[in-house]
Amino acid sequence: MPRQRGCLCLSLTCTPPMHALLYRSMATRSLDDADLDHLIRRAARNNTRLGVTGLLVHARMHRKGEGLFAQWLEGDRRVVHDLYETIK
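Residues numbered from 1 in each chain as written. Predicted model: local features only at pLDDT ≥ 70, side-chain atom pairs only at ≥ 80, totals over all residues. Heavy atoms only, no water.

A. Up close: the overall build of the chain. Counting secondary structure elements, the chain contains two helices and four strands. When its helices and strands are written in sequence order, the chain yields β-β-α-β-β-α. Burial statistics for the chain: of 88 residues in total, 24% are counted as buried. For the chain, restricting intrachain contacts to residue pairs at least 6 apart in sequence, the fraction spanning at least 24 positions comes to 55%. Looking at the chain as shown, the accessible area adds up to about 6,000 Å², and 55% of this sits on carbon and sulfur atoms. (Helix = DSSP H or I, 4+ residues; strand = E, 2+ residues; numbered from the N terminus. Buried < 20%, exposed > 50% of the residue type's maximum accessible area, 1.4 Å probe, protein only. Contact = heavy atoms within 4.5 Å. Areas by Shrake-Rupley, 256 points an atom, 1.4 Å probe, with all protein chains shown as cover.)

If you want it as structure tokens, here you go:
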């Protein structure tokens, strides 16, 4: 669903070391509330299974029902990057 628009990667100094990735994207189609609810539930399930935490922000655009996403992912470097490759 989301189309990649930009990506920022950070390695955070914590114990254990954590990697963070911030990206923004644009929805490839119009999403209604049910679509967003499904997306959030699926992401939460997958992220919990992978040991990834983060934040997903969606802003609905008035034009054609398009939406913008910003997502912060954090966790093991390889896991975060593999997840990002799946998302984009």
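And the narrative resumes.
B. Quick peek at the nonpolar core. Counting seven residues, the largest nonpolar core consists of Leu 21, Tyr 23, Val 52, Leu 73, Val 80, Leu 83 and Tyr 84. Among the elements of the structure, β2 (18–27) and α2 (77–87) are those that each provide at least two residues to this core. Ranked by the residues each element gives to this core, the list is headed by α2, at three residues. Ranked by size, the runner-up nonpolar core spans five residues in total, among them Ala 27, Leu 31, Leu 39 and Phe 69. (Core = buried A, V, L, I, M, F, W, Y, C linked by side-chain atoms within 4.5 Å.)

C. Inspection of the pairing of β2 at higher detail. Within β2, seven of the ten residues are buried, which leaves the element mostly enclosed by the surrounding structure. Bridge analysis of β2 against strand β4 (residues 67–75) gives eight bridges, and the strand direction is antiparallel. When the bridges of β4 are listed, Arg 24 appears paired with Ala 70. (Pairing = 2+ DSSP bridges.)

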